[in-house]
Amino acid sequence: MAEYVFKMKKGEIEIELSSDDAEFVEQQLAKWREEILKKQG
Amino acid sequence: MSTYRLKVKCNKAQLEVVAKSGALLAYEMDRYLENFLNRKIESAPYKTQKAVSETAIQIEYNMPQRQVHSDEPVYTQPIQYQAPVEQIQYTQVQEQNTPAVQKSIEHIQNFVEQNAPQQEVYVSLSDFLASNKSGDIFSEFIISAYYIKRILNIEYFTIKMLNSKFYPATESLVDLSIIDEARTRGFIEAKEEDGSLKYTLSPAGESYFINQLRG
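Attention here is on the structure that accompanies the text. None of the values given here were measured: they were computed from a predicted structure. (Residues numbered from 1 in each chain as written. Chains lettered and ligands numbered in written order. Predicted model: local features only at pLDDT ≥ 70, side-chain atom pairs only at ≥ 80, totals over all residues. Heavy atoms only, no water.)

**Focus on the overall build of chain A**
Threshold: Secondary structure is summarised from DSSP: a helix means a run of H or I of at least four residues, a strand means a run of E of at least two, and numbering begins at the N terminus for each. Note on contacts: a residue pair is in contact if any heavy atoms of the two residues lie within 4.5 Å.
In terms of helices and strands, chain A carries one helix and two strands. Traced from its N-terminal end to its C-terminal end, chain A shows the element sequence β-β-α. At a minimum sequence separation of 6, the contacts of chain A that also span at least 24 residues come to 9%.

**Let's talk about the packing of helix α5 (residues 137–151) of chain B against helix α7 (residues 176–184) of chain B**
A pair of packed helices is captured by two measures, namely the crossing angle of their axes and the spacing between those axes. Residue and element names in this part refer to chain B. To keep things clear, this is the line we draw: Angles shown run from 0 to 180 degrees and are taken between the N-to-C directions of axes, each axis being a line fitted to C-alpha atoms and, for helices, limited to the stretch in contact. For this classification, under 35 degrees means roughly parallel, over 145 means roughly antiparallel, 65 to 115 means roughly perpendicular, and everything else is oblique. Three categories are distinguished: nonpolar for Ala, Val, Leu, Ile, Met, Phe, Trp, Tyr, Cys and Pro, charged for Asp, Glu, Lys and Arg, and polar for the others, with Gly belonging to the last.
As a packed pair, α5 and α7 sit with axes 10 Å apart at the nearest point and diverge in direction by 70°. The orientation of α5 relative to α7 falls into the category roughly perpendicular. Contact with α5, carried on its side by I137, F138, F141 and I142, involves I178, I179, E181 and A182 of α7 and no other residues of that element. Split into classes, the residues belonging to the contact of α5 with α7 amount to seven nonpolar, no polar and one charged.

**Section: the nonpolar core**
Generally speaking, a soluble globular protein has its nonpolar side chains buried in company with each other. The following threshold applies: The nonpolar core is taken to be a set of buried Ala, Val, Leu, Ile, Met, Phe, Trp, Tyr and Cys residues, with the residues joined through side-chain atoms within 4.5 Å. Type-normalised accessible area, obtained with a 1.4 Å probe on protein chains alone, sets the label of each residue: buried when under 20%, exposed when over 50%, and partly exposed for intermediate values.
Within the largest apolar cluster, 25 residues are counted, with the highest numbers of intra-cluster contacts made by B:F141 and B:I142. Among the elements of the structure, α4 (125–130), α5, α6 (159–170), α7, β4 (196–201) and α8 (203–213) of chain B are those that each provide at least two residues to this core. At eight residues, α5(B) tops the list of elements feeding residues into this core. Excluding residues within four positions of it along the chain, B:F141 makes contact with B:F157, B:L162, B:F166, B:V174, B:I178, B:I179, B:A182 and B:I188. Counting 17 residues, the second-largest nonpolar core is a separate cluster that includes A:M8, A:W32, B:L6 and B:L33.

**Comments concerning the packing of aromatic side chains**
Residue and element names in this part refer to chain B. What counts here: By convention, a stacked pair of Phe, Tyr or Trp rings (six-membered ring in the case of Trp) has centres within 6.5 Å and planes under 30 degrees apart, an edge-to-face pair has planes over 60 apart, and any other such pair is tilted. Throughout this description, the term charge over a ring refers to an Arg CZ or Lys NZ atom that lies within 6 Å of the ring centre and within 35 degrees of the ring normal.
Summed over the entire model, instances satisfying the criterion amount to ten aromatic pairs over all chains. An angle of 45° between the planes, with centres 5.5 Å apart, marks the rings of F128 and Y147 as tilted. One end of the pair, F128, is in helix α4; the other, Y147, is in helix α5, with 19 residues separating them in the sequence. Accessibility expressed as a relative area gives 11% for F128, which makes it buried. Measuring from centroid to centroid gives 6.2 Å for F157 and Y199, while their planes differ by 45°, and the two rings are tilted. Placement of F157 in the loop between α5 and α6 and of Y199 in strand β4 is noted, with a sequence separation of 42 residues between them. Overall, F157 belongs to the buried group, its relative accessible area being 2%. Aromatic rings pair up to connect F128, Y146, Y147 and F209 into one cluster. One residue, R185, lies across the ring of Y208, its end atom 5.4 Å from the ring centre.

Put into structure tokens, the structure is as follows:
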């Protein structure tokens, strides 16, 4: 079974998400991406 | 069944959540994500743009860094750095003509000098007579003949032309007796032209003037 890992790091804080649920990881990444773009805007 | 793991690290603290439910993990992730995005990084010792520029200029021109005392006011205006002035040496290039060109220039200069209009001599016969040894009328005649030939550059003269200059200067006239004496002594030469006699000072006459009459 595949495991998907996504890690973000900013300064001293680091968030790492890992799961074998590809759809879940994909949804979370899309959500994070939207939030980041809102902050950039 | 899927497994969901969330790991959060902050400095030396670490939080790890392992769940079988994605919804629970998603809720926790959203909480940390908001904090993650709004978090300001303060630990990184970034330099301001001005500090970076000044450092770059100091490095470029090898200038010592200015010591700023704690009680010294900080000026907000940018400091004008004087770049080292380059010592540019200009070498004056002197044009050198080729030998052929230089020879041509000299040839032209000589030609101009030789063919330049001669300065006219405005010495009058009376002044010329006064500047030489004109003791009697014969001497005055020889001096006048020399004056016509060498000063006025007239090769031959008639008695009429001679007297037109001789009389104003001496209030006397040259007659044939003086001409004959000069011819006898070989001081003048005569030639007939257009039915009249014309005279010129001979080389012997010029020598006589130079050796005996010239002042």
